[in-house]
Every structure is written in C-alpha cells, then in structure tokens.
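Descriptive analysis of the structure
Single-letter residue listing:
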Amino acid sequence: MSSRAPHPLPLLTLLLLLLLPPPQVNLISSSQQQQDPREQTKGDGHRPLRRFKRRWVVTTLELEEEDSGPFPKLVGELFDNVSDNRSLVYLISGPGVDEYPEIGLFSIEDHENGRIYVHRAVDRETTPSFMVHFDVASRATGKIMDSSFIFNIRIRDVNDHAPRFPAEELNVSVRENHAAGRPVFQMSTVDLDQENTPNSQVLYSLVSQTPVLKESGFKIDRNSGEIRLTGCLDYEAAPRFTLLVRARDCGDPPLSSTATVHISVQEGNNYRPTFAQKDYEVRVPEGQVRPGALRLQVRDDDAPFTSAWRAEFNISRGNEEGHFDIVTDPETNEGILSVVKALDYEAHPSWSLIIVVGNEEPLFSCEGGKPQRPGLVAASATVTVQVTDTNDPPAFHPRSFVVSEVEGARPGTQLGSFKATDPDGPGSGVRYQLVHDPASWVAVDERSGAVVTRRQMDRESPYVNDSFYVIIAHAVDDGRPPQTGTGTLSLLLSDVNDNAPTLLPRSQYLEVCESSQATPLLVEAEDGDLHPNADPFTFELDSASGNVGGAWRLGERQGRSVELVMQKSLPRGDHLVPLSIGDRQGLAQKQTVHVRVCSCPDGAMCAAEASRAGPGLLLGVLVPLCVVFLALAVALFLLLRRGSLSGAKRHRRSVLCGEGQQTLITYNDESRALTAPAVGCGAPPPGPPVTQVYPATEVPTQTPERRMGAMAEMLHQRLHGLGTLAEEPGSLPHVYTEEGECERAETLSSLAVSEGTLPPGRLDWLLAEA
C-alpha cells in the first residue's frame, strides 16, 4: 500500500475539533486488517504481508435551528487518516437523508469527500436531532469497505417561542371572606423552547388591576405565577376584578405573552339571622312524641340558598334530658322543633327552652382593608312548652320479678304480688287481670294483685322453659279511656323427685338375631327431673315376673343406659324382658323391653318380611279383632233388615183392616216373653197377656245348609216371642225400603229370617252365640 501526504482539513472541521473536544468521536473502521498467520515467500525471502489500519475521525455535528442560509450550507466533514485516498466513495442514509421525518435535508458532496451539507432551515421543536448512517465503499467495486456506523447531527435551540397561557381569558371565583395572603389562583404557561435553558425560563408580572382599591388588591409571584389576595374583599364595594398578567422568558431576545384574569367575588355572610318573634309557646300532650311541634321563622338579608343564608338552630338551654330536637327546613329556612322523647305531666308540667340561630358560614365584614368578625351574641328566642295531662297507664314496681317455689306446691300457696300504681294520682283505682297462665296454675286477686296457686305445678310441664314458668298480668285503671300496664312474674320451680326413669321410645322395642347370642342390646332411659334426682340410673331384671328364666342378663352400665345380653338361644318371636329402673334417689318403676328374636340371612339384620318391631306388635293384634267386629256388625244389620222387610208387609194389611196397636213389654227370662194377641177384623178384644216359654233349640251340626235352616228357625221363634205390643202408636219399629219411604212392622215376630240372609262364612259364629 502506497502512502500519501495527509489531506489538509477544512477550516470548519478544524475549528470544531479545537473548540469542541468532548463531542469528537474517533471511529476505527471495522475493516482493520489483521496479520495473516500464513507467510508468503517471494523468491528466496520470507517476509509477511501486513495491512495498515485506517482510522475514521468523526465529530458530532451541530446545526442552528431556523438558519436563514444560504443553502446548501456546509455542516461538517468526515475524513480518515489515510491521505489522498481517492479510491473510496462516501455514503450517508437514514433520517433527514432518505427517511422520515425529513427527506433530502442532508447530502454528501459528489460522494468523493466527507463533506455534509444541509439544504433548508430546521425546526428544533419538531426534530431536535438526527442520527445519520455513514458507509464507505470501494470506488472500483462498489463493495462496502467498513461496517456502517452512526453519527449525530444536533439542532441548536434559539429563542423562537414565547410562553403561552392555556387561554387568553381566565375566570376565577373567590369567597368574600377569603383570607389575605392565601392563594387565589395559580397561573401556568408552556414554552416550547429547549428545557432548562434561558429560552424556556418564564417570569410572571401583574400588568394592571381593575378596579384599583385601597383596601383590597392582588399580587402575583414572579417565579411561580401564584396570585394572592392583599387586604380583604367587600362584595358591596367591588363584586368583580380584572387582572392583566404577563409571562416573559429569559431568552435573547426575550419573548412574552399576556392573559386576562376575571375574578368574581362571592358574597359572604354579611347579615345576622333574626327570629320573627322573641317568645313562642306550644302545648304538647304527655306520653307522646311530636314531630314538628313548632316552627320558628327567621329573617336573613343574605343571598337565599347560600351558606351565608341557611340557618343553623341550637337549643342552648332547657334540653338537658334530651326531650327535644330542632332542625332546619331546607326550603323555608325555618326551625322545626320536635318532641323526640315523651314528656311526663306529673314529673315536669312545663319546659322553657332557649334557642339560638346562626348561619352555616361565619359572619364576616371588611373594614379599612382588614377583615372583621363581630363578637356580638347570636340571636335567640324563648320557647315555652306546656305539657297537657292525659290518662297514664298504671306502672308496675317492678315491671318484672322472679319468685322461687318448689314444684308440686299445694293449691292456695301464695307466690307473690303484683304492685302497680297510677301515675295520675293516688285517687285512681287499679285492678289486676291475669292474661298469661298457659297451664292454668295460678289466680291473681283483682284488687291486691296477689298471685296464688290453684293446682299443683309440675316443673316437667311443656309450659316450663328451663325451670321458669312465666305469668303475665295487666293493671287497668279507671280512667277514660282506661289504660293498661303490664307486669311479669317469672316463677322458678325447684325440682323434686317426682319422676321415675322411663325407657326411651327406641329402647322399648328391640330386635336381635337368633345367631347373635352374645351381642349386647343397648337399653336407654330418661328422667324428667334434674340433678341429683336423675341419673345415674340403676337397672335390675325383674325376676319376680317369671319372664326372665335365666335367658337374659344385664351387662355394662353407663349412667343412663345398660347393656342387655341374651344368655341362651331363644326361639324366634317376641319376648318380654321386665326391668326395674331407679334414679339416683332410689325412685324406681317397672319397665318392659319388647325383644324380637328373628332370623338374619345376612348375619346382622332381621329379615324384612318378618320385621314388625314396636307398634307393629300391637297392630298385628288389633287388625284381626277389628275385622271380626266389623263382620259381626254387618251380619246383624242384614238379619234385622231382612226381618223388617217381611214384617212391614203384614203391618200394612193389619192397619187397613183396623188391627190394634202393639208395644213391647219388659221381660227377664231368656226365651220367655209376654204376648198380646193381635186385634183382627171382627176379633174379640184382647184378653190378659199370656206367657209362653220357648225352649232352646238344639242346633244339629250337619252340613252348612241344614245349619243355616236351623239357625233361621231359631231366630224366627225368638223374635216371635217378643211380639207384645204397647199402646203408643209411635213406638213401632220402622224399616226403610227405599230412600224417603217408611214402613212399620206389625210385630217383632213378623221379622222373618231366611236362609239367604246370612253369609255362609258367619254361620258357625251365630250358632255359637245362640
């Protein structure tokens, strides 16, 4: 590689290198050649070939914004340390060259040197800098000689933007009682010039104030732009102010702008509220709360419905017991006085209340540029409350009390007395009424209020809760209308040992598999009494009944339960195990455990088809009996109905021919009856009654048909023997053949019984009964 003399630097690049050493960047080409490890030999010599390093010298370029030209204008130069290198071509690309935000802003001269030019003015506020890509290529081959690197073109700021307010006119409101020195409003501006430079540093000033008052005004902080009040405001003197504010930066030359601030003064509390009258009087009945008992009107000259106009009332004296309350009507600004706690005429017939009124906003005035807060006493009024007497209900002393008594106390035992008095005076009469005594155990004397038992009391009664029995009585006065007070007596019943232990329902009927001879059954008992009259219980087998027979024994005992063990194999069926169960004090009674021994196909549970524990045992006995009695009743009804139908026909014939009336007479011997002959057509008058005896009929026990006939004949003879008639015409037996149609039988003997009347299945029973 041949060496050339260094190319002289342009004057601008030299000045930049001297004046701005920190931004200078020396970039070494990435195509630095390394020593070739292989050594080539020319002729007889052995010399390695070496490439010299090329160093690119680049500085950060700086361009002033809004430059007026002429254009194109040299920005700077890129060069290397190899002099007179004409074999290279310089290339640039990126933002400002061929990319956004500006295309064609920068270029390089004929690609033969490193001089960079700008072609128009640049706005720093739009693009503060450009990062440009730089490449070096071989002129001969066009091949990139070095990897791309980036250099920066920075735009230097000039003061070309004045501070700007958010709006040219601003509206602000302030209370009349705003304190001096406190901030009123904060001004703000925006300067687009470079931050933290004099070009963007803003100073504020107050140009003018309208109107100008001696006692009040405004000032603005030079650096922060905060507007503050001096003196005090007077709405009547100046309800509105106009301020002209300027903002100026510190650039060269400085730039500024102005804004107008309109300050509206909101009226404060300049007037004190006063009552329409000084004294008020109201009547309130005792024993009642009265919302809105009285309205108090006030006057206030401030603007309506503002905090300076709205009234606030307070009861300063006379409400120490909290009987009264006062609030403000938001529409009329009146004070509403209410009775929130019932008054008592006998205790306090009259009340005197002192009520004061103020405003939500404190009273304010401005005098001589200084705020004044008057120290005068707030307006007040006196309210007299007269309590009217009403009939008060009697009051119990005490309203509730407890009396202890032993359960089972005999009737006539006095438990205590209700005591009630009438607040209206000693002359009022009080009578007592018992209103709650669910078990009807007591009586209350109407005059004295004494409570006396009228039957024995049981602590285990369902009306007793946790040993307490509640008795409620009313005391009624003789006023018009009468008033009633309520008193409560809680009767605490002490337990006595009046209940022996009893088996729990689940222990009364038990089941055991016939193969589970050693498996114990759990028998549990309960006692309605309390400790020490309850558990632990004693369990004993009642051998006196003779039902044990060594088949059962008692196992482990645990207070309220015992184990029942089958000692030997028992046949299937129901077995009764008598027990004697006693409490801790020895009070005992006999109980019976029903144990069903059953087969268990699975070895643990009784077969389902044979399971009838508990009430099923009783049900199995009652059902057949009910069926038998029902069959008997149907059979008897059919017998009587059959005989009545046949006798009714004969009765109609006897009536048509003038037959005499019949009646029944008393008889005492079985199969013996007194009969009176019937009076037929043309027959003589009846003679004295004749006694006839019918011997018992031997019923042969042959076939059912013969037995049915014998039975029918026997019943017919017995009914015929009862045919004695009475003289009362209305005593004749009746039979209803159809609905609404009545026929009378002539005699009981006319009630015929046929063989078809009796059901075949009931013949044996009827014969046995006969």
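All of these numbers come straight from a predicted model, not from anything done at the bench.

**Overview of the overall build of the chain**
When helices and strands are tallied, the chain shows five helices and 51 strands. Looking at the chain as a whole, 37% of its 770 residues qualify as buried. Surface summary for the chain: the accessible area is close to 43,800 Å², and the carbon and sulfur share equals 52%.

**Some details on unusual backbone geometry**
For the bond from Y100 to P101, the omega torsion is 15 degrees, close enough to zero to count as cis. In this fold, P101 is placed in the loop between β8 (88–93) and β9 (106–108). Residues D535 and P536 are joined by a peptide bond in cis, for which omega reads 5 degrees. By the secondary structure assignment, P536 is in the loop between β42 (521–526) and β43 (538–541). Residues other than glycine seldom take positive phi values, yet N333 does so here, at roughly 65 degrees. Structurally, N333 is set in the loop between β25 (324–328) and β26 (335–339).

**Things to note about the pattern of salt bridges**
It is possible for side chains of opposite charge to pair when their charged atoms get near one another. Under the criterion given, the structure shown has 17 salt bridges. The closest approach of N and O atoms between R572 and E514, which form a salt bridge, is 3.0 Å. One end of the pair, R572, is in the loop between β45 (561–566) and β46 (573–582); the other, E514, is in the loop between β41 (509–513) and β42, and 58 residues separate them in sequence. On the basis of relative accessible area, E514 is assigned to the partly exposed category, the value being 29%. Here the salt bridges do not stand alone but share partners, grouping E62, E64, R154 and R156 into one network.

**Some points on the pairing of strand β44 (residues 552–557)**
Bridging between β44 and β45 involves four bridges; their strand directions are antiparallel. Directly across from R557, in β45, lies its bridge partner V562. What sits between the antiparallel neighbours β44 and β45 is a turn of three residues, in which G559 has the positive phi angle 70 degrees.

**Concerning the sheet that holds strand β18 (residues 240–249)**
Taken together, the four strands give an open sheet; going across it, the order is β13-β19-β18-β15, and neighbouring strands pair in mixed fashion. Because the sheet does not close on itself, it has two edges, and the strands there are β13 (169–175) and β15 (202–210). Within the sheet, the average angular offset between the axes of one strand and its neighbour, ignoring direction, is 25 degrees. Of the strand pairs in this sheet, β15 and β18 are connected by eight bridges, and their pairing is antiparallel. Within β18, the position partnered with V202 by the bridge is D249.

**Considerations on the state of the cysteines**
Evaluated as defined, the whole model comprises two disulfides. One disulfide in the model links C513 with C600; its S-S distance is 1.8 Å. Across the S-S bond linking C513 and C600, the dihedral sits near -95 degrees, which makes this disulfide left-handed. Of the two residues, C513 is situated in strand β41 and C600 in the loop between β47 (588–598) and α3 (615–656); the sequence distance between them amounts to 87 residues.

**A short note on the nonpolar core**
Ranked by internal contacts, the top residues of the largest apolar core, which has 25 residues, are F275, L296, F324, L337, I355, V383 and V385. Only β21 (279–285), β22 (290–296), β24 (311–317), β25, β26, β27 (350–359) and β30 (379–388) provide two or more residues apiece to this core. Looking at which element gives the most residues to this core, the answer is β30, with five residues. In contact with L296, not counting residues within four places along its chain, are F275, Y280, F313, I326, E334, G335, L337, I355 and V383. By size, the runner-up hydrophobic cluster in this structure holds 23 residues, among which are A409, V451, L491 and L493.

**Some remarks on the sheet that holds β9**
The strand order β6-β10-β9 describes an open sheet built from three strands, whose pairing is antiparallel. For this open sheet the edge positions go to β6 (73–77) and β9, each flanked by a neighbour on one side alone. Looking at each pair of strands side by side, their axes are set apart by 30 degrees on average, direction ignored. Judged from the four bridges that link them, β6 and strand β10 (residues 115–118) form a sheet pairing that is antiparallel. Directly across from K73, in β10, lies its bridge partner V118.

**As for the packing of aromatic side chains**
In total, this model carries twelve aromatic pairs according to the counting rule given. Ring plane angle 75 degrees and centroid distance 5.7 Å describe the contact between F324 and W351, whose orientation is recorded as edge-to-face. Highlighted residues: F324 in strand β25 and W351 in strand β27, separated in sequence by 27 residues. Ring plane angle 75 degrees and centroid distance 5.5 Å describe the contact between F401 and F418, whose orientation is recorded as edge-to-face.

**Observations regarding the confidence of the model for the chain**
In low-pLDDT segments, the atomic positions of the prediction should not be examined closely. Residue-level pLDDT values for the chain average 75, and 71% of them are 70 or greater. Counting contacts from residues 745–770, a segment whose pLDDT is below 50, to residues more than four positions away or on other chains yields 76 contacts.

**Observations regarding the side chain of S467**
Relative to the assigned elements, S467 resides in the loop between β37 (450–453) and β38 (468–477). Within the structure, S467 has its side chain in polar contact with the side chain of R459 (distance 3.4 Å). Beyond its immediate stretch of four places on either side in the chain, S467 contacts R459, L491, L492, L493 and L530.

**Here we look at the side chain of D583**
With respect to the element layout, D583 can be found in the loop between β46 and β47. Buried charged residue D583 carries no salt bridge. Nearest counter-charge: R584, at 8.9 Å. From its side chain, D583 meets the backbone nitrogen of L587 in a polar contact 2.8 Å long. In contact with D583, not counting residues within four places along its chain, are N497, N499, P501, D527, N533, A534, P536 and F537.

About the criteria used
Residues numbered from 1 in each chain as written. Predicted model: local features only at pLDDT ≥ 70, side-chain atom pairs only at ≥ 80, totals over all residues. Heavy atoms only, no water. Helix = DSSP H or I, 4+ residues; strand = E, 2+ residues; numbered from the N terminus. Buried < 20%, exposed > 50% of the residue type's maximum accessible area, 1.4 Å probe, protein only. Areas by Shrake-Rupley, 256 points an atom, 1.4 Å probe, with all protein chains shown as cover. Salt bridge = Lys/Arg side-chain N within 4 Å of Asp/Glu carboxyl O. Pairing = 2+ DSSP bridges. Axes fitted to C-alpha atoms, helices over the stretch in contact; angles between N-to-C directions. Disulfide = S-S within 2.5 Å. Core = buried A, V, L, I, M, F, W, Y, C linked by side-chain atoms within 4.5 Å. Contact = heavy atoms within 4.5 Å. Phe/Tyr/Trp six-rings, centres within 6.5 Å; stacked < 30°, edge-to-face > 60°. pLDDT = per-residue confidence, 0-100. Polar contact = N/O pair within 3.5 Å; in protein donor to acceptor, adjacent residues only side chain to side chain. Lys, Arg positive; Asp, Glu negative; His and termini not counted.

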